[in-house]
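Observations on chain architecture
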Number of protein chains: 4
Amino acid sequence: MIVHPPAASAQGRHAYALRVYYEDTDAGGVVYHANYLRFAERARTEALREAGAPHAEMASLHGLMFMVRRVKVDYLAPARLDDSLLVLTESLSIRAASVELRQSVLRGEGVLAVLELQLACVRLADGRPGRIPPRWRQALALGWQAPALG
Amino acid sequence: MIVHPPAASAQGRHAYALRVYYEDTDAGGVVYHANYLRFAERARTEALREAGAPHAEMASLHGLMFMVRRVKVDYLAPARLDDSLLVLTESLSIRAASVELRQSVLRGEGVLAVLELQLACVRLADGRPGRIPPRWRQALALGWQAPALG
Amino acid sequence: MIVHPPAASAQGRHAYALRVYYEDTDAGGVVYHANYLRFAERARTEALREAGAPHAEMASLHGLMFMVRRVKVDYLAPARLDDSLLVLTESLSIRAASVELRQSVLRGEGVLAVLELQLACVRLADGRPGRIPPRWRQALALGWQAPALG
Amino acid sequence: MIVHPPAASAQGRHAYALRVYYEDTDAGGVVYHANYLRFAERARTEALREAGAPHAEMASLHGLMFMVRRVKVDYLAPARLDDSLLVLTESLSIRAASVELRQSVLRGEGVLAVLELQLACVRLADGRPGRIPPRWRQALALGWQAPALG
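First things first, this report covers the structure right here in the doc. (Residues numbered from 1 in each chain as written. Chains lettered and ligands numbered in written order. Predicted model: local features only at pLDDT ≥ 70, side-chain atom pairs only at ≥ 80, totals over all residues.)

**What to know about the relation of the copies chain B and chain A**
At an RMSD of 0.0 Å, chain B and chain A line up after a rotation of 180° and a shift of 0.0 Å along the axis. Those values place the two copies in the arrangement expected of a two-fold rotation axis. No C-alpha of chain B approaches the rotation axis more nearly than that of K72(B), which lies at 2.1 Å. Looking at the interface residues of chain B, 100% of them are also at the interface in chain A, so both copies use one shared face. (Least-squares fit on C-alpha atoms with pLDDT ≥ 70 in both. Contact = placed C-beta atoms within 7 Å.)

**Things to note about the nonpolar core**
By size, the foremost hydrophobic cluster in this structure holds 91 residues, and its most contacted members are Y36(C), V87(C), Y36(D) and V87(D). Apart from residues no more than four positions distant in its own chain, Y36(C) is found in contact with V31(C), V73(C), V105(C), A113(C) and L115(C). Counting 90 residues, the second-largest nonpolar core is a separate cluster that includes V30(A), A53(A), L48(B) and L140(B). (Core = buried A, V, L, I, M, F, W, Y, C linked by C-beta atoms within 7 Å. Buried ≥ 20, exposed ≤ 12 C-beta atoms within 10 Å, placed from the backbone.)

**What to know about the interface of chain B and chain A**
Contacts between chain B and chain A engage 14 residues on the former and 14 residues on the latter. Counting only elements with at least two residues in the side of chain B that touches chain A, the list comes to α2 (35-50) and β2 (64-75) of chain B. Top contributing element to the side of chain B that touches chain A by residue count: β2(B), with nine residues. In terms of residue class, the side of chain B that touches chain A is made up of seven nonpolar, two polar and five charged. In the sheet, strand β2 (residues 64-75) of chain A pairs with β2(B) via five bridges, with the strands oriented antiparallel. Note that in β2(B) the partner of D74(A) across the bridge is R70(B). (Helix = DSSP H or I, 4+ residues; strand = E, 2+ residues; numbered from the N terminus. Nonpolar A, V, L, I, M, F, W, Y, C, P; charged D, E, K, R; others polar. Pairing = 2+ DSSP bridges.)

This is a description of form; function is not addressed.
Have a look at this one:
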């Protein structure tokens, strides 16, 4: 069962709040399905920034960026105009040049969508894999990683 | 030069062509990852329309619509500004109230992304599952389904 | 000269802060020009909400909504990835069924874009003009209107 | 049935056809107002390409690009899901480093929106104004400009 922050943060998950505006919805009256990926990226960006490892510095200092290699989204219930949503982000595993994350989009205690992503760390210059620098590895591991034994 | 995969139509796949504009790209210089879902939906919409089963009529005649329940995207190579892309759509399986599709985004003969989706047929009135009407079932099965023997 | 809140609110303008994410940018490395309209609408929505007059209630209680009838945007300097922006909103004039607003997008003290909009109050049922209800008129006038004497 | 305004091409206007998909609409059931700017940019891109002056070559050969400096949109009637639209593009005036365009979005013979834009030709390197190269000047003047005598 998904729980709210602060319980969420105690479990090493990062929480990001957002509001649904007209731009996010479609003529079906709900949030357009592709836009959950936008919400999730905002949350990842802020999770890294708050952990002291903004992606802009990974680019400027190391010439590296994260790219989405794979994403799987389960849509459980629709979000609607004016909804106040929460995106919880947790890392599932961290490898040399990639990371697996789970992100959940919640309205109150109800889970609307669950995303599982694989992000690759790649070199800006040529798109080839690059090792995740220590500061970003640490941000991913300590700042919002799931369980101690993971 | 876009090469239409010769086997594509023979295998019952629908092809939809599109161009990449500034609106589709991001500051990384490539197509923003969420936008592949927009491309795929344009292709599905046209596939149904060309098979004589537009979604607007499914709504007006039957009070039903397709909703994305699950999507999995593998990003293999980035699309860029001005690219001319092709989206191939094929159905994998059809059940009473849902359908599984595979959609591939190609540039020339190179596959840039592969999407696998589960769409549910739901009632506009309450979002509950509804049986796919015969005309849409036929469009999904005959118009662009991969035949049983592959 | 445009000044920061709290000076901003003292002048009757509403301030809304936002961050630029990848989704907002294009391959030119800057915020895609159409997206300033999205930023501006987020700001208007929150301005009304904070003034106690959310658009959702205008719809549910009165069957009315605001529609953009005209917009003019001057782009002065580009916003970029990760920029922290402020949208200032002030009303210029209020009529029975429409309102004129000016919205400015700032980065620090620099003005990046200025929007002037005419919004019409229309009936959801048929799109015909409708009188702006008192609570919304008051929100527009007191909450964030520039005072009569400038 | 889309009727191509007969006088359109005779008057040197470029016509671009598009369909409205779910991604273009919002919970109000109509095309989201910012998306007319996306439609207009697709049309400008194709107008230049068809006139033999693609923007990609202006960047690669001359290090120049067009940027939107000002846009004014009048929204006359809403476009809806599945609408088949036409964007007409005509140039109003061409100066050394900028051009004024008018673009109209039509459904059948009805005009839904009119955009007037000022585009500046700027250097990719530093964003400073640059002279529009002859091929692009010619494309703007001959390919789709309204002739001097109207």
